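# Fold and contact review
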Amino acid sequence: TEVQPADTAVDETDSRVSALYSSIEIGKLTDTSVLFGRGEINLNGEKRCIERDKRKHIYHISSHSHNKSLEDKSVSIDKPSGSVGSFLDEDLPVRYLVRYLTSSFLLSGHAGLLVPDRAVRVSVKVLALNCVGLAVMVMPSLMAEPLYTDAIGELELQQHIDDVLRFHSHSDPQLGASVGTVIGQFIRASLVHGCGQYNDFGRPGLPLSSLLEVLCKLLVHESSVTARGALGGLGLCLGELLHSLHAAVILSVLPHLVNTASNLYWLVKVELCDLLSGLPLSYTDHVESSSSYSTTGSSIPLRPADRFSHRVLTAVLIPLLADQDPRV
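Report follows, based on the coordinates. (Residues numbered from 1 in each chain as written. Predicted model: local features only at pLDDT ≥ 70, side-chain atom pairs only at ≥ 80, totals over all residues. Heavy atoms only, no water.)

## Structural notes on the pattern of salt bridges
Summed over all chains, the structure comprises 12 salt bridges. Between R99 and E145 there is a salt bridge whose closest N-O contact spans 3.2 Å. Of the two residues, R99 is situated in helix α2 (residues 93-105) and E145 in the loop between α3 (122-138) and α4 (173-193); the sequence distance between them amounts to 46 residues. Using a relative accessible area of 13% as the deciding quantity, one classes E145 as buried. The partner of E213 in a salt bridge is K217, with the nearest N and O atoms 3.9 Å apart. Of this pair, E213 and K217 both sit in helix α5 (residues 208-219), separated by 4 residues, roughly a single helical turn. By relative accessible area, which is 44% here, K217 ends up partly exposed. Put simply, D91, R95, R99 and E145 are held in one network by salt bridges that share partners. (Salt bridge = Lys/Arg side-chain N within 4 Å of Asp/Glu carboxyl O. Helix = DSSP H or I, 4+ residues; strand = E, 2+ residues; numbered from the N terminus. Buried < 20%, exposed > 50% of the residue type's maximum accessible area, 1.4 Å probe, protein only.)

## Thoughts on the environment of D274
Structurally, D274 can be placed in helix α8 (residues 266-277). Separated by 39 residues in the primary sequence, D274 and G235 have C-alpha atoms spaced 8.8 Å apart.

## Topic: the packing of α5 against helix α6 (residues 224-242)
Where α5 contacts α6, the axes come no closer than 8 Å and their chain directions differ by 145°. The handedness of the crossing between α5 and α6 comes out as left-handed. Contacts between α5 and α6 involve L208, L212, L215, L218 and L219 from the former and T226, A227, A230, L231, L234 and L241 from the latter. Looking at the contact of α5 with α6 residue by residue, the class counts come to 10 nonpolar, 1 polar and no charged. (Axes fitted to C-alpha atoms, helices over the stretch in contact; angles between N-to-C directions. Left-handed = near helix turned anticlockwise from the far one by under 90°. Contact = heavy atoms within 4.5 Å. Nonpolar A, V, L, I, M, F, W, Y, C, P; charged D, E, K, R; others polar.)

Shape is all these values report; function is a separate question.
Structural data, given as structure tokens:
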């Protein structure tokens, strides 16, 4: 048999491929429109709404009861097809932004359940949490709003934005650090917007004492990344707390700050010193004295050795002067 030259075989292959692709209809751009998020805007100024996809997606969501990790228990549920609105709505666009980020990368749509790591990468969740925290600083009430604008049923059974704080029990330290920062941003924003009066917006997961308890747990986390995130969150809100009507709640946090000096990582120690250097210790002494008087009913002042300002000096700063790392 006669063997065809290589060039001839290549030409025949190219011809067959060209014939195959020439039969595919690509289509044409029939109008001057551009798609943004969940709404379609005509460049001439007209707005057209796109019907939301009604198909349900199966997600394997992990349970977070009893502060367990996301990987402890998996269940199969249908993700609700609720509406998060549009940035073209008459409402503020930041509301749509937070709902879109949380529904896309963080929340499952069912109260108490989060999007698993197999559906969204941890790095993407961290970025989404950081964006939510910045939005909450502008409008703290966003944390208490429902995820979907058209949710039907009892309000208590709907998922709200504050469920993102459940990521504090996640096994990844970066997510725990991000939650610590978001908590600090929310507490600070709530106090600033309320002129010193904290507002939990009626949500059971947003009492001030509960949020500070989460920050204290993150402080003693085995990961230095999470501990640094908790320090950053406390650095955002402790100053505002000392000047607010809730200054007494800081007394539950101060012992944890002293204990953080035993952390082995040098950067945690450095950031702890930065945090303590910004605290007005005269305010902490006043809060401690006022709290002692209210509990004992006597005007006997605290002993100098019992004051937080003294413990910071003797249990944190002076010992850290002898640290082997010169940066500390």
